[in-house]
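Survey of secondary and tertiary structure
As a plain string of letters, each chain reads:
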Amino acid sequence: MEENETLLSEAKKDADAAETSRALYEVKMTYLGRTGKISALLQKMKDAAKEDRPALGKKINDLRMKLEAHFEALEEKIKQRELEYKLKHERIDVTMPGKRKREGVLHPVTRVKNELIDVFAGMGFEIYEGPEIENEYYNFTALNTPADHPARDMQDTFYVTDEFLLRTQTSAAQIRVMEKKKPPIKILSPGRVFRSDDDATHSPMFHQMEGLVVDKGITLCDLQGMLDEFARSVFSDSSKTRLRPSYFPFTEPSVEVDVSCASCGGKGCSLCKGTGWIEVLGAGMVNRRVLENCGVDPDVYTGFAFGMGIERIAMLKYGINNIKLLTENDVRFLEQFKD
């Protein structure tokens, strides 16, 4: 009985000394927890005489109830005191100006890529992205690139092994699609490509977007009609395109595609070097050999393909004069492309 009174006095003294909710909780567990001192008292009852156990049990339960009531009262006081402290020290002056958060913006290359996908998806193109590490067959051979073509040399292409390389063009994805899918085919292949080239207008890693259409009765007129729609959507409503003869191993005939200068409206300025036209991409009718390599009958089906550098389109669209600005990640430069 004396031990009960001593325990009650000690518990109240320790509880009154607690200054925080956490400290009070730890004191409470010391006395009322599963392995606390009250539980230890109950364990001692087995050593008492049988006739004394009921009285002892009642006294210990009374002690527990007194302690629980004391802790409950203290918890309310401490919680109120902590709340008052928070209200005093953590209050917010709503009249003060708020802190502005800097909003991120899409990279100009990403913006142009998304815009191009929207334009061509609206014309029925499906999106297909091939692997960035290709073998020579898909990157060169199947695209009718001769074995002695300079593009195959190590000074122009990044080889991983003798057979595998970092793709130099997304045209390789077109071969993979034509091998697996029968015409009609209408796909767009965006992605990163790699070439050993580095100056103000070229980068060792850049983004390309190539398109392919294969079906019965496809002509060069279909290509130009589609490119006219592309130019009007990306540059301006008055933009026009023109085709100039060129050469690519995987197309025949091949053309370079120019767009009328959006800056001067085709009158001639420093951007278009006085010509009124700006070269934007290469295109042409898919070479018969490429179709044959993919198991497509060139006497039944024809098609056109085109490819453009996304960085080049971004530079023309936004007046960027150095491609390195697109990879330096200077926040001051990128912030200029907010909507």
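The structure this text deals with has already been given above.
The text that follows walks through the structure, step by step, so that each part is easy to find.

Definitions and limits used
Residues numbered from 1 in each chain as written. Predicted model: local features only at pLDDT ≥ 70, side-chain atom pairs only at ≥ 80, totals over all residues. Heavy atoms only, no water. Disulfide = S-S within 2.5 Å. Core = buried A, V, L, I, M, F, W, Y, C linked by side-chain atoms within 4.5 Å. Buried < 20%, exposed > 50% of the residue type's maximum accessible area, 1.4 Å probe, protein only. Helix = DSSP H or I, 4+ residues; strand = E, 2+ residues; numbered from the N terminus. Contact = heavy atoms within 4.5 Å. Axes fitted to C-alpha atoms, helices over the stretch in contact; angles between N-to-C directions. Parallel < 35°, antiparallel > 145°, perpendicular 65-115°, else oblique. Left-handed = near helix turned anticlockwise from the far one by under 90°. Nonpolar A, V, L, I, M, F, W, Y, C, P; charged D, E, K, R; others polar.

Looking now at the state of the cysteines. Under the definition given, this model contains zero disulfides. Of the cysteine sulfurs around Cys 269, a residue in no disulfide, the closest is that of Cys 261, at 3.6 Å.

In terms of nonpolar packing, the biggest core is built from 43 residues, with Leu 116, Phe 120, Phe 230, Leu 281, Phe 306 and Met 308 touching the most fellow members. For this core, the elements supplying multiple residues, two or more each, are helix H5 (108–121), strand S5 (205–215), helix H8 (220–234), strand S7 (251–260), strand S8 (277–286), strand S9 (302–309), helix H10 (310–318) and helix H11 (331–334). Contacts of Met 308, omitting those with residues within four sequence positions, involve Leu 116, Phe 120, His 207, Gln 208, Met 209, Phe 230, Val 280, Leu 281 and Ile 313. Counting 19 residues, the second-largest nonpolar core is a separate cluster that includes Tyr 138, Val 177, Leu 212 and Leu 291.

Attention shifts here to the packing of H5 against H8. To describe two helices that pack against each other, one gives the angle between their axes and the distance between the axes. Orientation of H5 relative to H8, taken along the N-to-C sense of each, is 135°, at an axis distance of 10 Å. The angle between the axes of H5 and H8 places the two elements in the oblique class. Between H5 and H8 lies a crossing whose hand is right-handed. Across from Glu 115, Leu 116, Val 119 and Phe 120 in H5, the residues of H8 making contact are Met 226, Phe 230, Ser 233 and Val 234. Each residue belonging to the contact of H5 with H8 can be placed in one class, and the counts come to six nonpolar, one polar and one charged.

Here the focus is the packing of H5 against H10. Where H5 contacts H10, the axes come no closer than 9 Å and their chain directions differ by 100°. On the basis of their axis angle, the class for H5 and H10 is roughly perpendicular. Side by side, H5 and H10 meet where Pro 108, Val 109, Arg 111, Val 112, Lys 113, Glu 115 and Leu 116 of the first sit next to Ile 310, Glu 311, Ile 313, Ala 314, Lys 317 and Tyr 318 of the second. Looking at the contact of H5 with H10, its residues break down into eight nonpolar, no polar and five charged.

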